[in-house]
Amino acid sequence: MIKHIVLWKLKPEAEGKTAEQNAQEIVARFKTLEGKVPGLLSIESGIDFNRSPAAWDVGLVTAFPTKADLDFYQDFPAHVAIKQFIGKVSSERCVIDYEI
């Protein structure tokens with residue numbers, strides 16, 4: 001199984017909305033992928049409540065049976081649209097992909 005984990009720091013304001021509003025939009029958009037992407041076993045996204053200096057604003061955890069399924073997800077049109085939105089509202093991104 002492959003785990004794909006992504007964290008973002010958001011711009012204080014972007015696309016006419018606050019970081020909190022954009023965080024909510026990101027989580028809502030990821031929720032729409034449930035059951036729609038072949039090979040996507042699980043997906044969860046959330047907004048940080050810790051607010052420490054080391055914290056990121058939004059996180060995503062996904063699971064796939066194989067790396068090929070992860071690769072398919074990367075180019076899936078609905079996911080590409082989400083990535084484009086996040087690119088406009090985020091300032092930093094970190095990712096880790098690993099096999100368990």
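Residues numbered from 1 in each chain as written. Predicted model: local features only at pLDDT ≥ 70, side-chain atom pairs only at ≥ 80, totals over all residues. Heavy atoms only, no water.

K.L.:
Could you clarify how one ought to interpret the UniProt feature "domain: Stress-response A/B barrel" (unreviewed entry) in the chain in this entry?
P.N.:
Mapped onto this numbering, the UniProt entry annotates "domain: Stress-response A/B barrel" (unreviewed entry) at residues 2-98. Annotated as residues 2-98, this span is 36% helix and 36% strand, and its ends, taken at the C-alpha atoms, are 6 Å apart. (UniProt positions renumbered as here; feature names shortened; annotations may be inferred. Helix = DSSP H or I, 4+ residues; strand = E, 2+ residues; numbered from the N terminus.)

K.L.:
Where do I start with unusual backbone geometry in this structure?
P.N.:
The phi angle of most residues is negative, glycine excepted, and most peptide bonds adopt the trans form. Non-glycine residue Glu 15 carries a positive phi angle of around 55 degrees. Residue position: Glu 15 is located in the loop between strand E2 (13-14) and strand E3 (17-18). In this model, Arg 51 sits at a positive phi of 60 degrees, which is unusual for a non-glycine residue. When you line up the elements, Arg 51 lands in the loop between strand E4 (42-47) and strand E5 (58-64).

K.L.:
Help me understand the sheet that holds E5 in this model?
P.N.:
Each strand in a sheet pairs with its neighbour through backbone hydrogen bonds, running either in the same direction (parallel) or in the opposite one (antiparallel). Reading across the sheet, the 4 strands line up as E4-E5-E1-E6 and stay open at both edges, with antiparallel pairing between neighbours. Unpaired on one side and paired on the other, E4 and strand E6 (90-99) mark the two borders of the sheet. Put simply, the sheet's adjacent strands are angled 10 degrees from each other on average, direction ignored. For strand E1 (residues 2-10) and E6, the ladder comprises 9 bridges, and the chain directions are antiparallel. (Pairing = 2+ DSSP bridges. Axes fitted to C-alpha atoms, helices over the stretch in contact; angles between N-to-C directions.)

K.L.:
Would you take a moment to explain the packing of helix H2 (residues 67-75) against helix H3 (residues 77-89) for this structure?
P.N.:
Relative orientation of the contacting elements H2 and H3 amounts to 60 degrees, with a least axis distance of 5 Å. Together, Tyr 73, Gln 74 and Asp 75 of H2 and Pro 77, His 79, Val 80 and Lys 83 of H3 make up the contact between the two elements. Class assignment for the residues of the contact of H2 with H3 results in 3 nonpolar, 2 polar and 2 charged. (Contact = heavy atoms within 4.5 Å. Nonpolar A, V, L, I, M, F, W, Y, C, P; charged D, E, K, R; others polar.)

K.L.:
Sorry if this is basic, but what is going on with the packing of aromatic side chains here?
P.N.:
Aromatic ring pairs: the centre-centre distance and the angle between the two ring planes describe each pair. Evaluation of the coordinates by the stated rule reveals 3 aromatic pairs. Arranged with centres 5.0 Å apart and planes meeting at 50 degrees, the rings of Phe 64 and Tyr 73 form a pair that is tilted. We classify Tyr 73 as buried; its relative accessible area is 0%. Their ring planes at 50 degrees and their centres at 5.9 Å tell us that Phe 72 and Phe 76 sit as a pair that is tilted. It is Arg 29 that lies over the ring of Phe 85; its NZ or CZ is 4.1 Å from the centre. (Phe/Tyr/Trp six-rings, centres within 6.5 Å; stacked < 30°, edge-to-face > 60°. Buried < 20%, exposed > 50% of the residue type's maximum accessible area, 1.4 Å probe, protein only. Lys NZ or Arg CZ within 6 Å of the ring centre and 35° of its normal.)

K.L.:
In this structure, what is going on with the environment of Val 61? I would like to understand it.
P.N.:
Among the secondary structure elements, Val 61 is positioned in strand E5. For Val 61, a relative accessible area of 26% translates into the label partly exposed. Sequence separation between Val 61 and His 4 is 57 residues, and the spatial gap between their C-alpha atoms is 5.9 Å. For Val 61, the residues in contact, after removing those within four places along its chain, are Lys 3, His 4, Ile 5, Ser 42, Ile 43 and Glu 44.

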